[in-house]
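Descriptive structure summary
Below, each chain spelled out in residue letters.
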Amino acid sequence: MAAELSEHHRRLAQQKREAITTAATELFLERGYDGTSLARIAEAAGVSKSTLFKRFPTKAALFEAIVTESWQRDAGDTAAQPQTGDLRSGLTTIGHRYADLVGQPGMTALFRIVIAELPRFPELGRMQFELGKLPYFNSVRHYLESEHEAGNADVPDAVSAANQFLGMIANYVLWPRMLLIDWNPSASDIHDAVEQAVQTMLARYTTTRQPDPEPQR
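Moving on: the environment of G46. Here G46 is to be found in the loop between α2 (38–45) and α3 (49–55). Taking the C-alpha atoms as reference points, G46 and A19, separated by 27 residues in sequence, lie 7.7 Å from one another.

Counting 58 residues, the largest nonpolar core has I41, F63, W71, L91, Y98, L144 and F165 as its most contacted members. Among the secondary structure elements, those contributing two or more residues to this core are α1 (2–31), α2, α4 (59–71), α5 (87–103), α6 (105–117), α7 (122–149), α8 (158–173) and α10 (187–205). Ranked by residue count, the leading element in this core is α8, at eight residues. Contacts of L144, omitting those with residues within four sequence positions, involve L91, V155, A158, A161, A162 and M201.

For the structure on display, the rule yields six salt bridges. Salt-bridge contacts for E7 lead to R10; the nearest nitrogen and oxygen are separated by 2.8 Å. Of this pair, E7 and R10 both sit in helix α1, separated by three residues, roughly a single helical turn. R10 sits in the partly exposed class, given a relative accessible area of 49%. Between R120 and E117 there is a salt bridge, with its nearest N and O atoms 3.0 Å apart. When its relative accessible area of 4% is taken as the criterion, E117 is described as buried.

Secondary-structure assignment places R141 in helix α7. One polar contact links R141 to N138, side chain to side chain, over a distance of 3.3 Å. Once you skip the residues sitting within four places of it in the chain, R141 turns out to touch A158, V159 and A162.

Criteria and thresholds
Once a new chain begins, its residue numbering starts again from 1 and follows that chain's sequence as written. Where totals are concerned, whole chains, interfaces and linings use all residues; where local detail is concerned, this predicted model gives features only for residues with pLDDT of at least 70, and gives and counts side-chain atom pairs only at 80 or more. Values shown for side chains rest on all heavy atoms present in the structure; no hydrogens or waters enter the calculation. Strands here are runs of E lasting at least two residues and helices are runs of H or I lasting at least four, both read from the DSSP assignment and numbered beginning at the N terminus. Residues enter a nonpolar core if they are buried and are Ala, Val, Leu, Ile, Met, Phe, Trp, Tyr or Cys, with the set joined through side-chain atoms within 4.5 Å. When a residue's accessible area, from a 1.4 Å probe over protein chains only, is under 20% of the maximum for its type it is buried; when over 50% it is exposed; and in between it is partly exposed. Two residues form a contact once any of their heavy atoms are found within 4.5 Å. One speaks of a salt bridge when a side-chain nitrogen belonging to Lys or Arg is within 4 Å of a carboxyl oxygen belonging to Asp or Glu. Residues adjacent in sequence count toward polar contacts only when both atoms are side-chain atoms; beyond that, a polar contact is any pair of N or O atoms within 3.5 Å, and within protein one must be able to donate a hydrogen and the other to accept it.

Dropping the structure here:
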């Protein structure tokens, strides 16, 4: 019974946290970072001010949580990197995870908030880069370095290679969405964009013949 109550309390706490971060993201977009108070966020999230302040004593702490959680969602899980030995498979896995990650509405909202508030609150940009983009980027760089060290790829500059790969995907999945409200590529189009990015990387960096992709069914 105690375990059930503990699990129930954990779920409630997580639900409240998600309600807070969701409300904060929406209000930051609507009213701007400076124009949104923690009290207003608590009201929109349906939680008490004491509950919000206990978890997030400042707006900076709340925004930090939004950034961290946005970049650590399951689609962008950097903890379970592909094993070395199959460059095509590894890049495909990473590519589709990244497309799912940057294609989520919350990621678009996060970038819009940062861009809009950057002149007055440059610290938001630093948070986005240092807590979100950079750790994710480094995980991809480390994977490419591992393939290079194992002799499966010729990647003398993993920083440039990671930039190229992620850039090809983001340039189709994320950045048009920043300017075009109706930009909504199909799952098939996104899949093709990732596969084209993988093929480009293989053509540039492979050292041995990679396994042919399995035919789609």
